[in-house]
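Per-entry structural report
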Amino acid sequence: MENKHFVAIGKMTIDNLSAEWNIPDLHFIVNKTPSGLFEVTNIELILDSSGETIEDAIEGLIGLTIHYITAAMEKGRGYDEFIEKVNSLTMEEYWREYRNIEFSLARNRKDLSHDIANKVNAAIKNMLAEEITQQIRDMAAGAAKTIISSINIQIATMDLEAA
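Heads up: these notes are all about the structure in this document.

Thresholds applied
- Residues numbered from 1 in each chain as written.
- Predicted model: local features only at pLDDT ≥ 70, side-chain atom pairs only at ≥ 80, totals over all residues.
- Heavy atoms only, no water.
- Pairing = 2+ DSSP bridges.
- Helix = DSSP H or I, 4+ residues; strand = E, 2+ residues; numbered from the N terminus.
- Axes fitted to C-alpha atoms, helices over the stretch in contact; angles between N-to-C directions.
- Contact = heavy atoms within 4.5 Å.
- Patch = residues over 30% accessible without salt bridge, like charges linked within 9 Å, V, L, I, M, F, W, Y side chains within 5 Å.
- Areas by Shrake-Rupley, 256 points an atom, 1.4 Å probe, with all protein chains shown as cover.
- Salt bridge = Lys/Arg side-chain N within 4 Å of Asp/Glu carboxyl O.
- Buried < 20%, exposed > 50% of the residue type's maximum accessible area, 1.4 Å probe, protein only.

With that settled, the discussion passes to the sheet that holds strand E4 (residues 47-51). Taken together, four strands build an open sheet; the order of strands is E1-E2-E3-E4 and the sheet is antiparallel. The outermost strands of the open sheet, each flanked by one partner alone, are strand E1 (6-12) and E4. With direction set aside, neighbouring strand axes in the sheet form an average angle of 20 degrees. In this sheet, strand E3 (residues 38-42) lies alongside strand E2 (residues 26-32) in antiparallel orientation, the contact comprising five bridges. The residue bridging Val-30 from the neighbouring strand is Val-40, located in E3. In the packing of helix H1 (residues 54-74) onto the sheet, contacts are made with E1, E2, E3 and E4, and the angle to E4 comes to roughly 150 degrees.

Quick look at the structure:
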């Protein structure tokens, strides 16, 4: 770990690979190498990918992870293989670093859970604001129609009285 410079952590949720499979959230940690490349490691499945950007490295890891899961489930030992990997102590130092980073971020409410919750809450607030704005527009349009209709009735009544 002394040669590692971790710059990011994350989780990936893999849904709908197959209706029969249920894959739990998988965690990864990103290391920036002295050469400037980014290495990303899937901690549960002990998979690595690299790229010139964090995004490229993560994209590579996602592809590798999906390929590995599919191969293990279709041709390998499936969940037994996954359980064997997570039961090994091979990745304990990575987990330790991951947890340290997560709690360091949590101190400032920037951890993954709060960051995602904040984004979801912001999206909900935006949707509510849009919904309220639309309701106000609908009410205003209804009120305007009522006023115009009332004015037209008064004009028609005045025309009849004048005639």
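From this point on, the discussion continues.
With that out of the way, let us pick up a nonpolar patch on the surface. On the surface, a cluster of nonpolar side chains totalling about 250 Å² of accessible area is made up of Tyr-79, Ile-83 and Val-86. With respect to the secondary-structure elements, Val-86 resides in helix H2 (residues 79-87). On the basis of relative accessibility, which here comes to 45%, the residue Val-86 falls in the partly exposed class.

Here the focus is the pairing of E4. Only one face of E4 is covered, namely the face carrying Leu-47, Ser-49 and Gly-51; the face carrying Asp-48 and Ser-50 is uncovered. Count of turn residues in the E3/E4 antiparallel hairpin: four residues, of which Ile-46 carries a positive phi of about 55 degrees.

Here we take up the environment of Glu-81. Structurally, Glu-81 can be placed in helix H2. By relative accessible area, Glu-81 is classed as buried at 17%. In this structure, the C-alpha to C-alpha distance between Glu-81 and Ile-69, residues 12 residues apart in sequence, is 9.7 Å. Not counting chain neighbours up to four residues away, the residues in contact with Glu-81 comprise Tyr-68, Ala-72 and Gly-76.

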